Amino acid sequence: MQYNWQALVKIMENNMSGMNPLRYVKSCPLLLAVCLLFLQGCAGQVNMLPTLKEDVPISEQDGIVVARIINASGVALPFNQLTINPENLNESKSIKPERLLADRPKLNGTTVFASSVKPGNYSISSIRAFYSNGNGWYSRFVSADEKLGTFSVTQGEVTDLGTLIYYPKPQGDRYLDLLIRAPESKEGEVIAKHFPFIKYDPQSINGWHVDENDEERESAYISIAQNPLTYNEEYISPDNSIYFLGKVGVFMKRTPDGDWELDAVDTNHELTAIAQNNHGDLVVGGSEGALFWRSAKGDWLDISLEHNTHIENLRLLDTGEIELLVTRDFEVNIYRGVVANSQVKWKLLNQYSSRSGQGWKHIAEVKIGEMKAHTKSDQHIYNTTIFEFNGQNYIIVREQSTYGSIIFSPINSEIFIYDPESWMIEKTVDDFDLNAIVDAGAVQLGVEEAGFWSWTGKPTYYKIDKNGNQDKITTYIKECKESKSSRNRCINRNFTFRSVPWFSTDNEAVAIVGFSQSNFSGRNRETENRILTTTDGGKSWISTDNKPPTDYCTSIVPLVADRLLVSCDGANGDFYESTDLGASWNQVRQQDNF
């Protein structure tokens, strides 16, 4: 069993120097009680509006407000509250803001809202991410600018606010929170896809009031799309191009010659998987079923799936066949298909269901006896991971209780070995402690995620040799201070990896690490970032005088073989490279100052 508290810590980190990943998490029980009382008091100053449900009657006196929020920042926690202010808010103390609540948002960068709201004129006050349990809480507000616009709610009608995008614009060592409206999409899209039980007149959907700020909004949207702050996935193609998948349908490409190209597909959702074959055909997919295919010399073709699917892995064979692994609330589905006449006819290869202990649909007959019983209660699919290790192919399915919080509920993992040709499950694995296998330059590293009691919340890495043996990579260096005595004073000083170490050979590697520095009380903890090297595969580390290009540009891209390439993932869109292990740096891509 894996607890999601450490996941909460990790997804809040953004590599900015001096930023404590626990700055938003309060875990002292007494302080928590006081804070929750305060927050409940604040909640009394607003009207809380739950998400509309199919089995709950809708008030005939109200209108319905529908909206989607996309989080384009490096902090993955979804915004689950949307507060709107009535036009006459200041006329009486009895008039309160209305706060729409999202129902169990997913960690895919997108949240949808639909609530009954009293008729009147409104503007958006703020968006908020708020999560709590008995041990801690997290709260983050983002205020809306008045230029966002105003809208009306009419009795018995739907007001569609479309898609709102949150983007923290870098300004030196600070951020400017931007909340913008995306260009108009298909009217009524959110309510039709996510709330089909709501009855409404498609010809009478209301929207934003007309104003003079459309051109400014469009300019801001284009700038945000062209300047991604964070990347969900890195992928190296057969021609050695490296792709970085971002938010709002955008991805970056680094060519084998070191040039940088920006590309995008027609979606505002985040991209999470990409694949290319030896012919140069490309397929990319992401949240809400977004899926696009392009031949080597053609244009992008939209072959998206249903909105309730999340694309987690893609393969594109030289035959033109596309294989994809997608998740739904209670399913993992594996499909294969070929683009023909601008369409794809998908064949279901295998299916995993987390309902009532159903498990996998296709299991190798000779291995059935080795399959263990699946949990009997329904579980939400949290995510999946696939990787190859020691000649075998693994898939990890992670599940979470349908009743708990997506942040604080424990995560259960099940590991299976499968046939990559048929996707048939061969057996379960009970004695595999690694959570993933990642490329780290010349070697592969096994990743063991931090447990609930981990102090750092950081994963443990293991170097894997050709025979599948695992050697733990140490996370300390020996520092000795000269003294007047005959013996020097030596201590082991612990550090945490800021990103995956990069191996140039089997035993030689470089790593960007952080050393924590704190005062006696443990407060005001700061991190000193340094570059270390190893010549024995990570059994010991040697300190250097080299440092990363900035304190927040510490994410090594291990897919580059001939130089050290780092990104400022989560902080801005800058990239730096070094050919002397960090003694000097050259900026190869720069964030636009818009």
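1. Considering the overall build of the protein chain
Within the protein chain one finds four helices and 44 strands. Here the protein chain holds 594 residues, and 50% of them are scored as buried. For the protein chain, contacts bridging at least 24 residues in sequence account for 54% of all contacts bridging at least 6. Working note: accessible area of the protein chain is about 29,100 Å², and carbon and sulfur atoms make up 45% of it.

2. What about the packing of aromatic side chains?
What describes a pair of aromatic rings is the distance from one ring centre to the other and the angle between the planes of the rings. Per the counting criterion, the structure on display carries 27 aromatic pairs. With a centroid separation of 4.5 Å and an interplanar angle of 40°, the aromatic rings of Trp 260 and Phe 575 are classed as tilted. Placement of the pair is Trp 260 in strand S15 (residues 260-264) and Phe 575 in strand S43 (residues 575-578), with a sequence separation of 315 residues. Under the relative-accessibility criterion, Phe 575 is labelled buried at 0%. The structure contains a cluster of three or more aromatic residues connected by ring pairs, namely Tyr 461, Phe 495, Phe 497, Phe 515 and Trp 541. Stacked on the ring of Phe 330, the Lys or Arg Arg 355 has its end atom at 3.8 Å from the ring centre.

3. Some points on the pattern of salt bridges
Here the structure, examined in full by the defined rule, presents 20 salt bridges. Across the salt bridge formed by Lys 147 and Glu 216, the nearest N and O atoms sit 3.5 Å from each other. With a gap of 69 residues between them, Lys 147 in the loop between strand S7 (137-143) and strand S8 (150-153) and Glu 216 in helix H4 (residues 214-226) connect regions that are remote in the sequence. Between Arg 217 and Asp 214 there is a salt bridge, with the nearest N and O atoms lying 2.7 Å from each other. Of this pair, Arg 217 and Asp 214 both sit in helix H4, separated by three residues, roughly a single helical turn.

4. Considering the nonpolar core
Residues Leu 82, Ile 124 and Phe 151 are the most contacted members of the largest nonpolar core, which totals 32 residues. Taken together, the elements giving at least two residues each to this core come down to strand S2 (63-71), strand S3 (81-86), strand S5 (110-117), strand S6 (120-132), S7, S8 and strand S9 (158-171). Top contributing element to this core by residue count: S6, with five residues. Among all residues touching Leu 82, those that are not within four sequence positions of it are Ala 67, Ile 69, Glu 98, Arg 99, Leu 100, Phe 113, Ile 124, Ser 126, Ile 127 and Leu 164. Counting 28 residues, the second largest nonpolar core, distinct from the first, contains Tyr 235, Phe 251, Phe 292 and Trp 293.

5. Notes on the state of the cysteines
Scanning all chains against the criterion turns up two disulfides. One disulfide bridge connects Cys 553 with Cys 568, the sulfur atoms lying 1.8 Å from each other. The sign of the S-S torsion, about 90°, decides the handedness of the disulfide formed by Cys 553 and Cys 568: right-handed. Of this pair, Cys 553 sits in the loop between strand S40 (542-543) and strand S41 (555-556) while Cys 568 sits in the loop between strand S42 (564-567) and S43; the two residues are 15 residues apart in sequence, bridging distant segments of the chain. Like Cys 553, the residue Cys 568 is buried in the burial classification. Cysteine pairing in the protein chain follows 1-2, 3-4, where each cysteine in a disulfide is numbered by its order in the sequence.

6. Some thoughts on the environment of Thr 327
Structurally, Thr 327 is set in strand S21 (residues 321-327). On a C-alpha basis, the gap between Thr 327 and Ser 353 in space is 10.0 Å, while along the polypeptide they are 26 residues apart. Only 3.1 Å separates the side chain of Thr 327 from the side chain of Glu 312, close enough to count as a polar contact.

7. Points about the pairing of strand S32 (residues 460-464)
Counting buried positions over the five residues of S32 gives four, a clear majority of the element. As paired strands, strand S31 (residues 444-448) and S32 are joined by five bridges and run antiparallel to one another. Bridged to Gly 446 within S32 is Tyr 462. Where S32 meets strand S33 (residues 470-472), three bridges bridge the pair, whose relative direction is antiparallel. What sits directly across from Lys 463, in S33, is Asp 471. In sequence, S32 turns back onto S33 through a hairpin of five residues, with Gly 468 there showing a positive phi of about 90°.

8. Regarding the layout of surface pockets
When its volume is computed, the second largest pocket comes out at roughly 560 Å³. Along the wall of the second largest pocket there are 27 residues; nearest its centre are Ser 185, Glu 189, Lys 193, Asp 266 and Thr 267. For the lining of the second largest pocket, the element with the highest residue contribution is helix H3 (residues 189-194), accounting for three residues. When the residues that make up the lining of the second largest pocket are grouped by side-chain class, the tally is seven nonpolar, ten polar and ten charged.

9. Things to note about the confidence of the model for the protein chain
Summing up the model confidence of the protein chain, the mean pLDDT is 85 and the portion of residues at 70 or higher is 87%. In the model, residues 1-41 has pLDDT below 50 throughout and makes 92 contacts with residues more than four positions away in sequence or in other chains.

10. Some thoughts on the sheet that holds strand S29 (residues 425-429)
As summarised here, the arrangement of the four strands in space is S26-S27-S28-S29, forming an open sheet in which the pairing is antiparallel. What marks the edges here is a single partner per strand, and that holds for strand S26 (379-389) and S29. Strand-to-strand twist in this sheet, taken as the mean axis angle between neighbours without regard to direction, amounts to 30°. Bridge analysis of strand S28 (residues 411-418) against S29 gives four bridges, and the strand direction is antiparallel. Bridge pairing in S29 links Ile 417 to Lys 427.

11. Thoughts on the pairing of strand S38 (residues 509-517)
Working note: regular strand, side chains alternate between the two faces of the sheet. With seven of nine residues buried, S38 is to be regarded as a mostly interior element. As judged from the two bridges shared by strand S37 (residues 502-503) and S38, these two strands associate in the antiparallel manner. Bridge assignment links Phe 503 to a residue of S38, and that residue is Ala 509. Counted along the chain from S37 to the antiparallel partner S38, the turn is five residues long. Inspection of the sheet shows S38 paired to strand S39 (residues 526-534) by nine bridges, in the antiparallel sense.

Procedures and definitions
Residues numbered from 1 in each chain as written. Predicted model: local features only at pLDDT ≥ 70, side-chain atom pairs only at ≥ 80, totals over all residues. Heavy atoms only, no water. Helix = DSSP H or I, 4+ residues; strand = E, 2+ residues; numbered from the N terminus. Buried < 20%, exposed > 50% of the residue type's maximum accessible area, 1.4 Å probe, protein only. Contact = heavy atoms within 4.5 Å. Areas by Shrake-Rupley, 256 points an atom, 1.4 Å probe, with all protein chains shown as cover. Phe/Tyr/Trp six-rings, centres within 6.5 Å; stacked < 30°, edge-to-face > 60°. Lys NZ or Arg CZ within 6 Å of the ring centre and 35° of its normal. Salt bridge = Lys/Arg side-chain N within 4 Å of Asp/Glu carboxyl O. Core = buried A, V, L, I, M, F, W, Y, C linked by side-chain atoms within 4.5 Å. Disulfide = S-S within 2.5 Å. Polar contact = N/O pair within 3.5 Å; in protein donor to acceptor, adjacent residues only side chain to side chain. Pairing = 2+ DSSP bridges. 1 Å grid on protein atoms, 1.4 Å probe; cavity = no way out; pocket = protein on both sides within 12 Å on 5 of 7 lines; lining within 4 Å. Points joined across faces, edges and corners; volume = space filled by probe spheres on them. Nonpolar A, V, L, I, M, F, W, Y, C, P; charged D, E, K, R; others polar. pLDDT = per-residue confidence, 0-100. Axes fitted to C-alpha atoms, helices over the stretch in contact; angles between N-to-C directions.

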